[in-house]
Amino acid sequence: AQTVTQSQPEMSVQEAETVTLSCTYDTSESDYYLFWYKQPPSRQMILVIRQEAYKQQNATENRFSVNFQKAAKSFSLKISDSQLGDAAMYFCAFLNYDTGNQFYFGTGTSLTVIP
Amino acid sequence: NAGVTQTPKFRILKIGQSMTLQCTQDMNHNYMYWYRQDPGMGLKLIYYSVGAGITDKGEVPNGYNVSRSTTEDFPLRLELAAPSQTSVYFCASSLIPTGNTEAFFGQGTRLTVV
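Bear in mind the structure is a predicted one, so any value in this text is a computation, not a measurement.

With that settled, the discussion passes to the environment of Pro41(A). Relative to the helices and strands, Pro41(A) resides in the loop between β5 (33-39) and β6 (46-52). When the C-alpha atoms of Pro41(A) and Ala87(A) are compared, they prove to be 8.9 Å apart, with 46 residues separating the residues in sequence.

Here is the structure:
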């Protein structure tokens, strides 16, 4: 099975500052997808950003960007200009369709935004 | 678009009781999944399905059963509920992998077994 590791159970950031959440994964595959999902207190899982492994360019979505290091199997999420609404649990996820199209999730990082 | 709909949102069961968590999606997705979320443990895959009539076990299938008779529906059955099954359950669906693939989630079901 693939493994996804988020080593930071909790993080905090001042409003308007930048924070980086870490994620590493373990796989022997070369083609796969990586995701960051946000889970606010409402419990709804919301896709923040996705990265395809064969693309070398790092994905960006407005204030959210990733640092994808394929050789190091690292996939960190950077949140710029943090807002109070960014406070949530963030999950890193891995998908490889050769293994049944299963999404594998990390244990999550709880992000607090300090006003 | 309703997306992925789960019912119920909350449920309390007594030990030994059974129940079915309902999940339906209206996006014509091939793949459907059931996850459970426990504090500090992330999401663990219980069962998944790659299409109608096909299901397979995930990481934590014991104590659960599923069926997939239609593309839209993927119910999860708990037989003989145990306290260890107290958790938040999520149903999700996705298309086959493409550049825009993602998992769409339902709102979750908080289940307490007492």
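Quick look at the pairing of strand β12 (residues 109-114) of chain A now. All names here are of chain A. With burial as the criterion, only one face of β12 is covered, namely that bearing Thr109, Leu111 and Val113; the residues Ser110, Thr112 and Ile114 on the opposite face remain uncovered. Summarising the sheet, strand β2 (residues 10-14) and β12 pair through five bridges and their orientation is parallel. Residue pairing for β12: Val13 is matched across the bridge by Val113. In terms of strand pairing, strand β10 (residues 88-96) meets β12 through three bridges, oriented antiparallel. Paired with Tyr90 across the bridge in β12 is Thr109.

Residues and elements named next belong to chain A. The tally for this structure, following the rule as stated, stands at two disulfides over all chains. Here Cys23 engages in a disulfide with Cys92; their sulfurs sit 2.0 Å apart. When the S-S torsion is -70 degrees, as for the bridge of Cys23 with Cys92, the disulfide is left-handed. Here Cys92 lies in strand β10 and Cys23 lies in the loop between β3 (19-21) and β4 (24-26), a separation of 69 residues in the sequence. Like Cys23, the residue Cys92 is buried in the burial classification.

Before going further, it helps to examine the nonpolar core. By size, the foremost hydrophobic cluster in this structure holds 26 residues, and its most contacted members are Tyr25(A), Trp36(A), Phe75(A), Leu77(A) and Tyr90(A). Of all the elements in the fold, those that place two or more residues in this core are β3, β5, β6, β8 (64-69), β9 (74-79), β10 and β12 of chain A. The dominant element in this core, judged by the number of residues it contributes, is β10(A), at four residues. Discounting residues that sit within four places of it in the chain, Tyr25(A) has contacts with Thr3(A), Val4(A), Tyr32(A), Leu34(A), Phe68(A), Gln69(A), Lys70(A), Lys73(A), Ser74(A), Phe75(A) and Phe94(A). Counting 20 residues, the second largest nonpolar core, distinct from the first, contains Phe35(A), Phe91(A), Phe103(A) and Tyr31(B).

Moving on, we get to the packing of aromatic side chains. What the rule picks out here adds up to 17 aromatic pairs over all chains. Aromatic side chains Tyr25(A) and Phe94(A) sit 6.0 Å apart centroid to centroid with 35 degrees between the ring planes, which places their arrangement in the tilted category. In this pair, Tyr25(A) sits in strand β4 while Phe94(A) sits in strand β10, placing the two residues 69 residues apart along the sequence. The same class applies to Tyr25(A) as to Phe94(A), namely buried. Ring geometry for Phe103(A) and Tyr33(B): centres 5.5 Å apart, planes at 90 degrees, overall edge-to-face. Remark: Tyr33(B) occurs in strand β4 (residues 31-37) and Phe103(A) occurs in strand β11 (residues 102-105); the pair is interchain, linking two chains. Look at Phe103(A) and you get buried, because its relative accessible area is 2%. In this structure Tyr33(B) comes out as buried when scored by relative accessible area, which is 0%. Among the aromatic side chains, those forming a connected cluster through ring pairs are Tyr33(A), Phe35(A), Tyr37(A), Phe103(A), Phe105(A), Tyr33(B), Tyr35(B), Phe90(B) and Phe105(B). In this structure, Arg43(A) is placed above the aromatic ring of Phe10(B), and the distance from its NZ or CZ to the ring centre is 5.3 Å.

Moving on: the sheet that holds strand β3 (residues 19-25) of chain B. Residues and elements named next belong to chain B. Taking strand neighbours across the sheet as the criterion, the four strands line up as β1-β3-β8-β7 in an open arrangement whose pairing is antiparallel. The strands lining the two open edges of the sheet, one partner per strand, are β1 (4-7) and β7 (64-66). Taking the axes of each pair of neighbouring strands and ignoring which way they run, one obtains an average angle of 20 degrees across the sheet. Where β3 and strand β8 (residues 76-78) come together, three bridges link them in antiparallel fashion. Looking at β8, one finds that Leu21 is bridged to Leu76.

Bringing the environment of Tyr54(A) into the picture now. All names here are of chain A. Tracing the chain through its elements places Tyr54 in the loop between β6 and β7 (60-61). C-alpha of Tyr54 to C-alpha of Asp31: the two residues are 23 residues apart in sequence and 6.3 Å apart in space. Side chain to side chain, Tyr54 and Glu52 meet in a polar contact 2.6 Å long.

Definitions and cut-offs
- Residues numbered from 1 in each chain as written.
- Chains lettered and ligands numbered in written order.
- Predicted model: local features only at pLDDT ≥ 70, side-chain atom pairs only at ≥ 80, totals over all residues.
- Heavy atoms only, no water.
- Helix = DSSP H or I, 4+ residues; strand = E, 2+ residues; numbered from the N terminus.
- Buried < 20%, exposed > 50% of the residue type's maximum accessible area, 1.4 Å probe, protein only.
- Pairing = 2+ DSSP bridges.
- Disulfide = S-S within 2.5 Å.
- Core = buried A, V, L, I, M, F, W, Y, C linked by side-chain atoms within 4.5 Å.
- Contact = heavy atoms within 4.5 Å.
- Phe/Tyr/Trp six-rings, centres within 6.5 Å; stacked < 30°, edge-to-face > 60°.
- Lys NZ or Arg CZ within 6 Å of the ring centre and 35° of its normal.
- Axes fitted to C-alpha atoms, helices over the stretch in contact; angles between N-to-C directions.
- Polar contact = N/O pair within 3.5 Å; in protein donor to acceptor, adjacent residues only side chain to side chain.

Purely spatial values, then, with no claim about function.
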